[in-house]
Amino acid sequence: MNENTTVRLQRCLDRLRAGDAGARRELIGAASERLTRLARKMLKADDRVRRWEQTGDVFQNAAMRLWRALEAVTPGSLREFYSLAALQVRRELTDLARHHYGALGAAANHQSNPPQAGAGERGRAAFDSADEGHEPSALAIWGEMHEKVGELPEEQREAFDLIYYQGLTHAEAAGLLGLSTKTIQRRWQGACLALHERMGELPDL
């Protein structure tokens, strides 16, 4: 987050508070790039899910969440905006994992049977069979992590939100919160350690 971006987003917030509805669209656009990368990373982790979801669909859903949130609440600062945006992203990504790997999720209960080599046209799979494997899916692990992030102590959660969900550097997050970089690093490390202790394993951050 460079100074020009900071100034631009703060001006958007000022315009939104003054009643300029167009500023809402600009704020959502500012969050779009990071969200798209996170959604793509999650979907890439599980080939089965990519049959049902597209990165653009995930982005549209999260953007609508943020749009509704900004209609209900006008953040008073960039810190509040990033917190609100991170919450909507976490909720959308958590729901994505639940949708596919909940009790009735398609990916949890179905797995395409690939055609057998040399079987020709008639060897093409005609149905999806239940996935009887017991290994946790990569997407399910992602979903659990997003849930656990919401349970972290506030200071650790805020650091994780800014660095992971919003893509800020440690120095940028420190500047936004008015803290030292070492303090942010300590909170980030504490958040990662707490997540690891609660989950046993973490996806590749």
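Look up: the structure comes first, before these words.
Residues numbered from 1 in each chain as written. Predicted model: local features only at pLDDT ≥ 70, side-chain atom pairs only at ≥ 80, totals over all residues. Heavy atoms only, no water.

Colleague: Could you give me a rundown of the nonpolar core, with the residues and numbers involved?
Modeller: Side chains of nonpolar character tend, in soluble globular proteins, to be buried together. Counting residues in hydrophobic clusters, the biggest one holds 52 residues, and the most contacted among them are L27, L70, M145, F160, Y164 and Y165. For this core, the element with the most residues is helix α4 (residues 78-101), which contributes 10 residues. (Core = buried A, V, L, I, M, F, W, Y, C linked by side-chain atoms within 4.5 Å. Buried < 20%, exposed > 50% of the residue type's maximum accessible area, 1.4 Å probe, protein only. Helix = DSSP H or I, 4+ residues; strand = E, 2+ residues; numbered from the N terminus.)

Colleague: Break down helix α2 (residues 22-44) for me, with residues and values.
Modeller: Given 3.6 residues per turn, any residue in an α-helix points the same way as the ones three and four places further on. Between the first and last C-alpha of α2 there are 33 Å, a value that for 23 residues agrees with the 33 Å anticipated at 1.5 Å per step. At S32, α2 shows its maximal bend, which comes to roughly 40°. Three or more residues of α2 are buried, namely A23, R24, L27, I28, A31, S32, R34, L35, L38, A39, M42 and L43. (Expected span 1.5 Å × (residues − 1). Bend = angle between axes of the 7 residues up to and from the residue.)

Colleague: Go over the pattern of salt bridges, please, and point to the residues and values.
Modeller: What the rule picks out here adds up to 10 salt bridges. Taking the shortest distance from any N to any O, the salt bridge between R79 and E158 comes out at 2.7 Å. Here the residue R79 occupies a position in helix α4, and E158 occupies one in helix α7 (residues 154-165), the gap between them amounting to 79 residues. (Salt bridge = Lys/Arg side-chain N within 4 Å of Asp/Glu carboxyl O.)

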